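The lines below spell out each chain.
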Amino acid sequence: MLLLEKFFKLKENGTDVRTELVAGLTTFLTMAYIIFVNPSILGDAGMPKGAVFVATCVAAALGCLVMGLYANYPIALAPGMGLNAYFAYVVVKGMGMPWQMALGAVFISGCLFLFVSVFKLREMIVNGIPHSIRTAITVGIGLFLGLISLKSAGIVVANPATLVGVGNLHSAPVILAIVGFFLIVALDKLKVKGAILIGILAVTVLSFFFGGNQFNGIVSTPPTLEPTIFKLDVMGAVSVGLLNVVLVFFLVELFDATGTLMGVANRAGLLVNGKMERLNKALLADSCAIVAGSMLGTSSTTAYIESAAGVQAGGRTGLTAVAVAVLFLAALFISPLAGVVPAYATAPALLYVACLMLRELVDIDWSDTTESVPAAIAALTMPFTYSIALGVAFGFISYAVLKLLTGRVREVRPVIWAIACVFTFKFVYLGAG
């Protein structure tokens, strides 16, 4: 106990071992849904679900350990929602890239993230991107995630006459997904710990009675990582020119991580003069987790906003993150349970996350059309083209063009011109694929 006190500076942060461990358990319960959702999403990309399950748990544990032991913040990390969907449904299924190449793109983006963290270039990049575009990326991913979740639930289906249509609302999967969604929202509103996880498990249990699901047990030895570990194809990702894919991974990782870290730290009262004293260490932990995750066989790892639940429970130091890491490792032994979770059980969780991401719309200045229109274009393009990359590209290009045409060139930072030019060059000479 004395060692923990000295290492994590518990008294200095107004906490103790018991409080930190309870906070770790609280955080884990609120984000444990990822061990069910991530294998389901990446499995749609052809990746072995068992190996992805192990990679998810191990990558999350590694990220949490580095965050806790190196940065000493009560912030947990795991493969992020949104980017896993982009990885599976856009890069692999939409663009026809092998998942090994997609992992290579994640690895490259992680290395870029590591580079800007080590050389402290993060502030220059983040400050150079207008707030409206940053917000649009979050909102667009939310819309994209919403479309995917409704499709997984069977509520939205393809229709040759109208592009999309409504599915069979009388089918068991659709009904169970709707029940799960309302259950998750209600429980979360009532501040029930682990609301998303409870909703997923409830629909999974009901699927055995109404959806024809098969039970394969709860506990077993973890599946092997062999099918995915070190299977990333970095050279393949470079050779086919996945520049736009890498850029999307990198930008979303950077903004999502920075925003989440600052938000959770603020709620915990850990900001000094409005800044995180160890922000660079926290970003290094995040970037290292991305690189490690790509090697293990999972999409981008990021800081989780659900860490705020642990902070609410009293977590103030890295001991909270270390506790989360231990729980993720313990979760390795419930792989059979993760394997029986159907897509329509995780769809409600995706839809709820999507709804929460749309609240960022209030931060856009709708009175200035040179800000709001590019943001709207970026957000709307993502679901309608089934591509986050195209949404980001159109957002940057339209922002630069509108500022240029309205005589407000000075408002555009150099990084915006650079990104807009890169995307324009790609569209003109390489196509939009």
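From a predicted model like this one, the values you see are computed outputs, not experimental measurements. (Residues numbered from 1 in each chain as written. Predicted model: local features only at pLDDT ≥ 70, side-chain atom pairs only at ≥ 80, totals over all residues. Heavy atoms only, no water.)

*Asks:* Just to check I follow, could you spell out the overall build of the protein chain for this structure?
*Replies:* When helices and strands are counted, the protein chain shows 20 helices and four strands. Relative to the globule expectation of 22 Å for 433 residues, the C-alpha radius of gyration of the protein chain, 21 Å, shows essentially globular dimensions. Of all 433 residues assigned to the protein chain, the portion counted as buried reaches 54%. Within the protein chain, residue pairs in contact and separated by at least 24 positions form 82% of the contacts whose partners lie at least 6 positions apart. About 18200 Å² of surface is accessible on the protein chain, with carbon and sulfur atoms providing 68% of the total. In the protein chain, the 25 positive side-chain charges and the 20 negative ones have mean positions that sit 2 Å from each other. (Helix = DSSP H or I, 4+ residues; strand = E, 2+ residues; numbered from the N terminus. Rg over C-alpha atoms; globule rule 2.2 N^0.38 Å. Buried < 20%, exposed > 50% of the residue type's maximum accessible area, 1.4 Å probe, protein only. Contact = heavy atoms within 4.5 Å. Areas by Shrake-Rupley, 256 points an atom, 1.4 Å probe, with all protein chains shown as cover. Lys, Arg positive; Asp, Glu negative; His and termini not counted. Charge placed at Lys NZ, Arg CZ, Asp CG, Glu CD.)

*Asks:* Got a minute to help me understand the packing of helix H4 (residues 49–71) against helix H15 (residues 318–330) in this structure?
*Replies:* Packed helix pairs are characterised by how far apart their axes lie and by the angle those axes make with each other. Contact geometry for H4 and H15: axes closest at 7 Å, N-to-C directions at 160°. Classified by the angle between their axes, H4 and H15 sit roughly antiparallel to one another. Like other packed secondary-structure pairs, H4 and H15 cross with a definite hand, here left-handed. Judged by residue contacts, Cys57, Ala60, Ala61, Cys64, Leu65, Gly68 and Leu69 of H4 engage Gly318, Ala321, Val322, Val324, Ala325, Phe328 and Leu329 from H15. Residue composition of the contact of H4 with H15, by class: twelve nonpolar, two polar and no charged. (Axes fitted to C-alpha atoms, helices over the stretch in contact; angles between N-to-C directions. Parallel < 35°, antiparallel > 145°, perpendicular 65-115°, else oblique. Left-handed = near helix turned anticlockwise from the far one by under 90°. Nonpolar A, V, L, I, M, F, W, Y, C, P; charged D, E, K, R; others polar.)

*Asks:* Explanation requested: the layout of surface pockets in the structure shown.
*Replies:* The calculated volume of the second largest pocket comes to roughly 330 Å³. Forming the boundary of the second largest pocket are Leu143, Leu147, Lys151, Val156, Val157, Ala158, Leu163, Val164, Leu380, Pro383, Phe384 and Tyr386. Counting only elements with at least two residues in the lining of the second largest pocket, the list comes to helix H8 (131–153), strand E2 (156–159), strand E3 (163–166) and helix H18 (369–385). Grouping the constituent residues of the lining of the second largest pocket by class yields eleven nonpolar, no polar and one charged. (1 Å grid on protein atoms, 1.4 Å probe; cavity = no way out; pocket = protein on both sides within 12 Å on 5 of 7 lines; lining within 4 Å. Points joined across faces, edges and corners; volume = space filled by probe spheres on them.)

*Asks:* I would appreciate a short explanation of the packing of helix H6 (residues 99–118) against helix H13 (residues 279–296) in the present structure.
*Replies:* One way to put it is that H6 packs onto H13 with a least axis distance of 8 Å and a crossing angle of 160°. By the angle class used here, H6 and H13 are roughly antiparallel. Considering how the two elements wind past one another, H6 and H13 form a crossing that is left-handed. On H13, the residues touching Leu103, Val106, Phe107, Ser109, Gly110, Cys111, Phe113, Leu114, Ser117 and Val118 of H6 are Asn280, Leu283, Leu284, Asp286, Ser287, Cys288, Ile290, Val291, Ser294 and Met295. For the contact of H6 with H13, a count of residues per class yields 13 nonpolar, six polar and one charged.

*Asks:* Even after reading the chapter, I still don't get the nonpolar core, so can you show me in this structure?
*Replies:* Nonpolar side chains in soluble globular proteins generally cluster together in the buried interior. Membership of the largest hydrophobic core comes to 127 residues, with the highest contact counts inside it found for Met67, Phe87, Leu261, Phe328 and Phe396. Examining the composition of this core, we find that 14 residues originate from one element, helix H12 (residues 243–267), more than from any other. Residues lining this core come from more than one domain, with at least three contributed by each of domain 1 (1–130 + 218–337) and domain 2 (366–432). Core analysis: the second largest hydrophobic core is formed by five residues, Phe8, Val17, Leu319 and Val322 among them. (Core = buried A, V, L, I, M, F, W, Y, C linked by side-chain atoms within 4.5 Å. Domains from an automatic or database assignment.)

*Asks:* What is the right way to read the domain arrangement of the protein chain from this model?
*Replies:* Reports often express the size of an interface as the amount of accessible area lost when the parts come together. Per the domain assignment, the segments making up the protein chain are domain 1 (1–130 + 218–337) and domain 2 (366–432). On a C-alpha basis, the centroid separation for the pair domain 1 and domain 2 is 28 Å. Contacts between the two partners involve 14 residues from domain 1 and, on the opposite side, 15 residues from domain 2. Of the roughly 1300 Å² buried at the junction of domain 1 and domain 2 (both faces included), carbon and sulfur atoms supply 81%. The largest share of the area that domain 1 buries against domain 2 comes from Pro130, Asn244 and Leu247, three residues that together contribute 32% of it. For the pair domain 1 and domain 2, the number of links is zero salt bridges. Our enumeration of links across domain 1 and domain 2 arrives at zero residue pairs in polar contact (both at pLDDT 80 or more). Elements represented by at least two residues in the side of domain 1 that touches domain 2 include exactly helix H5 (83–92), helix H7 (122–128) and H12. Sorting elements by how many residues they give to the side of domain 1 that touches domain 2 places H12 first, with five residues. (Buried area = accessible area lost by both parts, 1.4 Å probe. Salt bridge = Lys/Arg side-chain N within 4 Å of Asp/Glu carboxyl O. Polar contact = N/O pair within 3.5 Å; in protein donor to acceptor, adjacent residues only side chain to side chain.)

*Asks:* What's the story with H5 in this structure? I'm lost.
*Replies:* At 3.6 residues per turn, the α-helix brings residues three or four places apart onto the same side. Most of H5 is tucked away, with ten of its ten residues classed as buried. Of the positions making up H5, those classed as buried are Leu83, Asn84, Ala85, Tyr86, Phe87, Ala88, Tyr89, Val90, Val91 and Val92.

*Asks:* Even after reading the chapter, I still don't get the pairing of E3, so can you show me in this structure?
*Replies:* Remark: a regular strand shows side chains that alternate across the two faces of the sheet. In this sheet, E3 lies alongside E2 in antiparallel orientation, the contact comprising four bridges. Bridged to Ala158 within E3 is Val164. Joining the antiparallel neighbours E2 and E3 is a turn of three residues. (Pairing = 2+ DSSP bridges.)

*Asks:* What is the right way to look at the pattern of salt bridges in this model?
*Replies:* Once their charged atoms are close, side chains differing in charge can pair, the charge on each being opposite to the other. With the rule as written, the count across this model stands at five salt bridges. Here Asp368 ties to Arg408 by a salt bridge, and the two come within 2.9 Å at their closest N and O atoms. Within this pair, whereas Asp368 is found in the loop between helix H17 (343–357) and H18, its partner Arg408 is found in the loop between helix H19 (388–405) and helix H20 (414–430), the two being separated by 40 residues in sequence. In this structure Arg408 comes out as partly exposed when scored by relative accessible area, which is 26%. In this structure, Lys403 and Glu411 form a salt bridge, with 2.6 Å as the shortest nitrogen-oxygen distance. Judged by its relative accessible area of 0%, Lys403 falls in the buried class.

*Asks:* Help me understand the environment of Val22 in this model?
*Replies:* Within the element layout of this structure, Val22 appears in helix H2 (residues 17–31). Separated by 56 residues in the primary sequence, Val22 and Ala78 place their C-alpha atoms 19 Å from one another.

*Asks:* Just to check I follow, could you spell out the side chain of Ser294 for this structure?
*Replies:* Tracing the backbone shows Ser294 in helix H13. Dropping the residues within four chain positions of it, Ser294 is found in contact with Leu103, Val106, Phe107 and Leu232.

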